[in-house]
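So the chains spell out like this:
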Amino acid sequence: MATPDRAFNYNLDYRTLNLREQPELYRVGKGEMGVLLVQPYKSEILPYWRFKTPEIARESSEKIYRLFLDYKQNNDFIGMDMARKFLQMGYTRSRRYANHSTGQKYDGPVPDDQKGRSGAHGRNQLPRQEDPVKAESARIFYGKYLEAREDEEYKKLKKEWQQRYG
């Protein structure tokens, strides 16, 4: 299945692919697309990704942001983008648990023909139960995510990347 030039390509064999060695294959995609696939960055960043408490979220987001800055120092756009995605995912996941203590937004299982796709798929949304601890974790990650997303060098490299490869 062909993917649009700017879309994240889920058809690559990410289990064996090292995108530091073949950077031309990387696509930014939208939001957090590919965050848990792209190696070696996933293995470098994922061990630090935590959000259970605000203290843990602060330590995690600061470590991931330091990785972002290290990638920036090395002119490694993919690393910068992946760190940005992990910061964004820290925000969205902690926000999900802030709204729903189980992390489940919808009632019932995802229909078999919709697995791997986001959305309600005809299921009712569960009631929100605000957890202020997870909401604070989300706020912490969101701040670091914005720092990464709005970094002038990151924005410049992203634009150049998309012009060159997509």
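This text gives an overview of the structure that appears in the document. (Residues numbered from 1 in each chain as written. Predicted model: local features only at pLDDT ≥ 70, side-chain atom pairs only at ≥ 80, totals over all residues. Heavy atoms only, no water.)

**Things to note about the overall build of the protein**
Logical step 1: Across its full length, the protein carries five helices and zero strands.
Logical step 2: Starting at the N terminus and walking to the C terminus, you meet the elements of the protein as α-α-α-α-α.
Logical step 3: Against the compact-globule benchmark of 15 Å for 166 residues, the protein has a radius of gyration of 17 Å, which places it among compact chains.
Logical step 4: For the C-alpha atoms alone, the extent of the protein along its principal axes is close to 45 × 40 × 25 Å.
Logical step 5: Per-residue burial over the protein gives 39% buried out of 166 residues.
Logical step 6: A sequence separation of at least 24 residues applies to 66% of the contacts in the protein between residues at least 6 apart.
Logical step 7: Entry remark: accessible area of the protein is about 9900 Å², with carbon and sulfur atoms responsible for 48%.
Logical step 8: Within the protein, the 24 negative side-chain charges are centred at a point lying 3 Å from the centre of the 31 positive side-chain charges. (Helix = DSSP H or I, 4+ residues; strand = E, 2+ residues; numbered from the N terminus. Rg over C-alpha atoms; globule rule 2.2 N^0.38 Å. Buried < 20%, exposed > 50% of the residue type's maximum accessible area, 1.4 Å probe, protein only. Contact = heavy atoms within 4.5 Å. Areas by Shrake-Rupley, 256 points an atom, 1.4 Å probe, with all protein chains shown as cover. Lys, Arg positive; Asp, Glu negative; His and termini not counted. Charge placed at Lys NZ, Arg CZ, Asp CG, Glu CD.)

**Considering the environment of Ser94**
Logical step 1: Counting through the fold element by element, Ser94 comes out in helix α3 (residues 77–99).
Logical step 2: Linking Ser94 and Ile140, residues 46 residues apart in sequence, is a C-alpha distance of 9.8 Å.
Logical step 3: The contacts of Ser94, once residues within four sequence positions are left out, are Phe51, Met89, Lys134, Ser137 and Ala138.

**Topic: helix α2 (residues 54–73)**
Logical step 1: Taking 1.5 Å per residue, 20 residues should reach 28 Å; α2 reaches 28 Å between its end C-alpha atoms and fits that length.
Logical step 2: When α2 is considered as a whole, its buried residues turn out to be Pro54, Ala57, Ser60, Ser61, Ile64, Tyr65, Leu67, Phe68 and Tyr71. Down the axis of α2, the buried side of the element spans an arc of 150°, and every buried residue falls inside it. Pointing more than 90 degrees away from the buried face of α2 are the exposed residues Glu55, Glu59 and Gln73.
Logical step 3: In the stretch just after α2, Asn75 is the one whose phi turns positive, near 55°. (Expected span 1.5 Å × (residues − 1). Arc of directions from axis to C-beta.)

**A word on the pattern of salt bridges**
Logical step 1: Scanning all chains against the criterion turns up 15 salt bridges.
Logical step 2: For the salt bridge of Arg20 with Asp76, the shortest nitrogen-to-oxygen distance reads 3.7 Å. Of this pair, Arg20 sits in the segment before α1 (41–45) while Asp76 sits in the loop between α2 and α3; the two residues are 56 residues apart in sequence, bridging distant segments of the chain.
Logical step 3: A relative accessible area of 38% places Arg20 in the partly exposed class.
Logical step 4: A relative accessible area of 13% places Asp76 in the buried class.
Logical step 5: Across the pair Glu150 and Lys155 runs a salt bridge whose closest N-O atoms are separated by 3.3 Å. (Salt bridge = Lys/Arg side-chain N within 4 Å of Asp/Glu carboxyl O.)

**Structural notes on the environment of Thr102**
Logical step 1: Topologically, Thr102 is positioned in the loop between α3 and α4 (132–149).
Logical step 2: The exposure class of Thr102 is exposed, given its relative accessible area of 55%.
Logical step 3: Note: C-alpha distance between Thr102 and Gln88 (14 residues apart in sequence) is 20 Å.

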